[in-house]
Amino acid sequence: MAAAAGDVRDVVIIGSGPAGLTAAIYAARANLRPLVIEGEPSSSSDQPGGQLMLTTEVENYPGFPDGIMGPDLMHAFKAQATRFGAEFVTEKATGVDASERPFTVATYSHSVKARAVIVATGARALLLGLENEARLMGYGVSTCATCDGFFHRGFEIAVVGGGDSALEEALFLSKFATKVTLIHRRKELRASRIMQDRALANPKIEFLWDSVVVDVLGDTSLESLKVRNVVTGEDTILAVHGLFVAIGHVPNTDLFKGVLDMEDTGYLRTVGHGTWTNVEGVFACGDVQDHVYRQAITAAGSGCMAAIDAERWLAETA
Amino acid sequence: MAAGISDLTDATFDEEIKGSAEPVLVDFWAEWCGPCKMITPVLEEIAKEQAGKLRIVKLNVDENLEVSRRFEVMSIPTMILFRDGEAQTRIIGAKGKQQLLQDLHPYLTP
């Protein structure tokens, strides 16, 4: 990275998932010299490359009839952005000043001025939020099935959630575990039909319906879960060696509180069908402003829109 | 392989850890772990910058089950810092450079 002090970038992109990197490709091809604040390593989905970095096979991204591994897809996105001149800072944005133009985006060691800012910070996976869950993180409780499935070979584990992410994790983990109990608060899944069919047909996956995890138990490592049936109110203990949680996402917008308009749920508000935020010159794309579709392809699409919106706005205000 | 980061195995682990004058950070990793790959360049930078104060080595959990089990590694990346052969602290999960340096700082050779 070579942003000299005093240098004003045309476009700074915060985030490097499908939205941020697509915006980078389009902005770079428009000769806007985008600088991408890509985030920093993490074992959660909030990391360079975004949520797909923790997934295995992506089967619904068009152009890959045989599927592609999530990290491979994101490496390809980045290589394409790099090819056209996008530059990267491997740090998290720590502050955004949108009160005057040019805007300022700060990280731990950089402070960059930008005529336009594209926010693509995405969303991160929610945890249960239990005290013992945090204590046993890394000792049976995991945020990364692809990293930690291996350690549960020959043991019984649990996955919490009922969407595509939960079923994908359950199916992946069934390769290692002797039994995967899928704990879901309702009686039906909201996952896609194809994922439901696969999970229901998998002999290692059992379903615990109408149930929530109320405590995570174990001394030095996870031993069991206290599970409550939400219909009967009855608590049972389920012995497990591993716990993986896929109960939804929360947008990464803490940085923008008081800076950009957002919903009560934290998702950024954009105007109409475009990517404009309430601050002229700041655009938002991907999961950070989309709680409806939340797909790699929709994120990439809105990243493209943000770059085009930014390019047009820069041309008009120059 | 990475400059300054050598590989330990079940066979070499004890000798290398006990025989080191500097504190040793062992990075437990595996090929299939994305966040492990992501911190490799970060660890390489730290190894270079902290040369003489800290030694960084890695251990492939897939190939070295004995040591991984002995230290009850259940999640990777896990990094354990040893001084005089004794485990001092454990860092679980990938982190950025500044956070890692902050976590390691109290254990580095002054």
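Scroll up for the structure.
Residues numbered from 1 in each chain as written. Chains lettered and ligands numbered in written order. Predicted model: local features only at pLDDT ≥ 70, side-chain atom pairs only at ≥ 80, totals over all residues. Heavy atoms only, no water.

A. Highlighting the pairing of strand E4 (residues 78-83) of chain B. All names here are of chain B. Judged by how many residues are buried, E4 sits mostly within the fold: five of six residues are covered. In this sheet, strand E5 (residues 86-92) lies alongside E4 in antiparallel orientation, the contact comprising six bridges. Looking across to E5, one finds that Phe82 is bridged to Ala87. Here E4 hands over to E5 after two residues, with Asp84 in that stretch at a positive phi of 50°. (Buried < 20%, exposed > 50% of the residue type's maximum accessible area, 1.4 Å probe, protein only. Helix = DSSP H or I, 4+ residues; strand = E, 2+ residues; numbered from the N terminus. Pairing = 2+ DSSP bridges.)

B. Local environment of the packing of aromatic side chains. Going through the model one piece at a time under the given rule, you end up with eleven aromatic pairs over all chains. Ring centres of Trp276(A) and Phe283(A) lie 5.6 Å apart, and the angle between their planes is 80°; this geometry places the pair in the edge-to-face category. Judged by its relative accessible area of 32%, Trp276(A) falls in the partly exposed class. For the ring pair Phe13(B) and Phe71(B), a centre distance of 5.5 Å and an interplane angle of 55° mean the geometry is tilted. On the criterion of sequence distance, the pair formed by Phe13(B) in helix H1 (residues 13-18) and Phe71(B) in the loop between helix H3 (65-70) and E4 is long-range, its members being 58 residues apart. As far as the burial class goes, Phe13(B) and Phe71(B) line up, both buried. Among the aromatic side chains, those forming a connected cluster through ring pairs are Tyr61(A), Phe64(A) and Phe77(A). The lysine or arginine in question, Arg29(A), covers the ring of Phe84(A), its NZ or CZ lying 4.7 Å from the ring centre. (Phe/Tyr/Trp six-rings, centres within 6.5 Å; stacked < 30°, edge-to-face > 60°. Lys NZ or Arg CZ within 6 Å of the ring centre and 35° of its normal.)

C. Fine view of the interface of chain B and chain A. Of the residues lining the interface, 21 residues belong to chain B; the matching set on chain A comes to 22 residues. Carbon and sulfur atoms supply 68% of the area that chain B and chain A bury against each other, a total of about 1,800 Å² over both sides. Of all residues in chain B, Trp32(B), Met38(B) and Met74(B) give up the largest surface area on contact with chain A, accounting jointly for 39% of the area buried on that side. Where chain B packs against chain A, one counts zero salt bridges. Summed over the shared surface of chain B and chain A, the number is four residue pairs in polar contact (both at pLDDT 80 or more). If you list the elements that add at least two residues to the side of chain B that touches chain A, you get helix H2 (34-49) and E5 of chain B. With four residues, H2(B) is the single largest residue contributor to the side of chain B that touches chain A. In terms of residue class, the side of chain B that touches chain A is built from 14 nonpolar, four polar and three charged. (Contact = heavy atoms within 4.5 Å. Buried area = accessible area lost by both parts, 1.4 Å probe. Salt bridge = Lys/Arg side-chain N within 4 Å of Asp/Glu carboxyl O. Polar contact = N/O pair within 3.5 Å; in protein donor to acceptor, adjacent residues only side chain to side chain. Nonpolar A, V, L, I, M, F, W, Y, C, P; charged D, E, K, R; others polar.)

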